[in-house]
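# Observations on chain architecture
One-letter residues, chain by chain:
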Amino acid sequence: GQQVMQIPQYQHVQEGEDFTTYCNSSTTLSNIQWYKQRPGGHPVFLIQLVKSGEVKKQKRLTFQFGEAKKNSSLHITATQTTDVGTYFCARNTGNQFYFGTGTSLTVIP
Amino acid sequence: DAGITQSPRHKVTETGTPVTLRCHQTENHRYMYWYRQDPGHGLRLIHYSYGVKDTDKGEVSDGYSVSRSKTEDFLLTLESATSSQTSVYFCAISELYPSGVTEAFFGQGTRLTVV
C-alpha cells in the first residue's frame, strides 16, 4: 500500500525521559508531515518537512527528514504528561494524505 | 476545527444493517475525506471527494460507498455493516496555505460498533 511504516507502535516512558518515533518509506517522499492525536481526540497537524536532511524544532520536539527522503523521526526531549497521545507521520501528495501506523506514547508520572 | 462536524458521534448497530455517517463542513472546502482508524493500522483512507458528485476510492473502500450532493456534506454509507467495520471513523478536509503546505483538518470522529 501507500502507507508509511512507523516504529514503535507503543512506547511507555517515565516523565522526563526522551522519546523518539521513526517513520520509514520504501519510496522517496516529496514531504513528510507529523500529526498528534490526544487520547479521545482527533489528529492535529504539527509540521511539514520538505528538504533532504531538514531539521525543525518546536520547543521540546525535534523533527528530522532523512537525507534520502525515505525516513523521518520525531524526538521529544524530557517528556511531560501533556505529550501523551498518538503521533502519526503522513506523506502528502497534492490533496492526498497517507498516514503511518502511528506510535502511541504513554508518559508515566 | 475548520468547521467540521461529524454525526453521529457514537453508534451501535447490528450486523447486516445499513449505516450512514455524515460529515458537514462550513468553509466551502473542495476536498473531503473519510478515514478509519484501527489499532496497528493507523489512519486508512476509505473514500475521498474532490467536488460535488466527484468521489474516488481510497485504500480500504470495499463495503463502503459515499455521496456528495452538496459541497458541505459528505456521507459515508455502510450498505450492510459487518463486525470488521467496527472502528473510529474520521472525516477530514484539506487546506492549502500560501506557504505551499497542504494540511489535513479532522472532525471529532464517529465511534461505530457493529454487534
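What comes next is a walk through the structure. (Residues numbered from 1 in each chain as written. Chains lettered and ligands numbered in written order. Predicted model: local features only at pLDDT ≥ 70, side-chain atom pairs only at ≥ 80, totals over all residues. Heavy atoms only, no water.)

## Considerations on the interface of chain A and chain B
So the rule is basically this: In what follows, residue pairs with any heavy atoms lying within 4.5 Å of each other are defined as contacts. Using a 1.4 Å probe, buried area is obtained as the accessible area two parts lose upon being combined, added over both of them. Throughout this description, the term salt bridge denotes a Lys or Arg side-chain nitrogen within 4 Å of a carboxyl oxygen of Asp or Glu. N or O atoms closer than or at 3.5 Å make up a polar contact, with two conditions inside protein: a donor-capable atom paired with an acceptor-capable one, and, for residues adjacent in sequence, both atoms drawn from side chains. By definition, any uninterrupted DSSP run of H or I lasting at least four residues is a helix, any uninterrupted run of E lasting at least two residues is a strand, and each is numbered from the N terminus. Residues are sorted three ways: Asp, Glu, Lys and Arg are charged, Ala, Val, Leu, Ile, Met, Phe, Trp, Tyr, Cys and Pro are nonpolar, and all the rest, Gly among them, are polar.
Listed as interface residues are 22 residues of chain A and, on the opposing side, 22 residues of chain B. Looking only at chain A, the three residues that lose the most surface to chain B are His42(A), Asn95(A) and Phe97(A), adding up to 29% of its buried area. For the interface between chain A and chain B, the tally reads zero salt bridges. Here chain A and chain B share seven residue pairs in polar contact (both at pLDDT 80 or more) between them. Residue assignment for the side of chain A that touches chain B shows that the elements contributing at least two residues are strand E4 (32-37), strand E5 (44-49), strand E9 (85-93) and strand E10 (96-99) of chain A. Of the residues forming the side of chain A that touches chain B, the biggest block, four residues, is contributed by E10(A). For the side of chain A that touches chain B, the residue count by class is eight nonpolar, 14 polar and no charged.

## A word on the nonpolar core
Residues and elements named next belong to chain A. Put simply, the rule reads: The term nonpolar core refers to a set of buried residues drawn from Ala, Val, Leu, Ile, Met, Phe, Trp, Tyr and Cys, joined through side-chain atoms within 4.5 Å. Accessible area is worked out with a 1.4 Å probe on protein chains only. A residue is then buried under 20% of its type maximum, exposed over 50%, and partly exposed in between.
In this structure, Ile32, Trp34 and Phe63 are the most contacted members of the largest nonpolar core, which totals 19 residues. Of all elements in the fold, only strand E3 (19-24), E4, E5, strand E7 (61-65), strand E8 (71-76), E9 and strand E11 (103-108) reach the threshold of two or more residues within this core. Other than its neighbours up to four places away in sequence, phenylalanine 63 contacts Trp34, Leu46, Ile47, Leu49, Glu54, Val55, Lys56, Gln58, Ser73 and Leu74.

## Some points on the sheet that holds strand E6 (residues 55-58) of chain A
Residues and elements named next belong to chain A. Keep this limit in mind: Note on pairing: DSSP must find at least two bridges between two strands before they are called paired. Geometry is summarised by axes, namely lines fitted to C-alpha atoms with helices restricted to the contacting stretch, and by angles between N-to-C directions that run from 0 to 180 degrees.
Within the open sheet, the five strands sit side by side as E1-E3-E8-E7-E6. Their pairing is antiparallel. Each edge of the open sheet is held by one strand with a lone partner, namely strand E1 (5-7) and E6. For this sheet, the mean angle separating the axes of adjacent strands, direction not counted, is 15°. Two strands pair when backbone bridges link them, and E3 and E8 are joined in this way by six bridges, in the antiparallel orientation. Following the sheet pairing, threonine 21 is matched in E8 by leucine 74.

## Some thoughts on the environment of Pro8(B)
Residue and element names in this part refer to chain B. Assignment of secondary structure puts proline 8 in the loop between strand E1 (4-7) and strand E2 (10-13). Given the relative accessible area of 30%, proline 8 is considered partly exposed. Considering only alpha carbons, one finds proline 8 and arginine 36, 28 residues apart in sequence, at a separation of 15 Å. For proline 8, the contacting residues outside a window of four places in its chain are Thr20, Leu21 and Thr110.

## Observations regarding the state of the cysteines
Residue and element names in this part refer to chain A. Formally: Counting rule for disulfides: a pair of cysteine sulfur atoms within 2.5 Å.
Within this structure, the stated rule accounts for two disulfides over all chains. Bridging cysteine 23 to cysteine 89, the disulfide has an S-S length of 2.0 Å. Residues cysteine 23 and cysteine 89 are joined by a disulfide whose S-S torsion is about 70°; by sign, that bridge is right-handed. Placement of the pair is cysteine 23 in strand E3 and cysteine 89 in strand E9, with a sequence separation of 66 residues.

## Details of the sheet that holds E1(B)
Residue and element names in this part refer to chain B. The antiparallel open sheet is built from four strands, whose spatial order is E1-E3-E8-E7. Bordering the open sheet on either side are E1 and strand E7 (64-70), each of which pairs with just one other strand. Taking the axes of each pair of neighbouring strands and ignoring which way they run, one obtains an average angle of 20° across the sheet. Pairing geometry for E7 and strand E8 (residues 73-78), over five bridges, is antiparallel. The partner of serine 65 across the bridge, within E8, is threonine 77.

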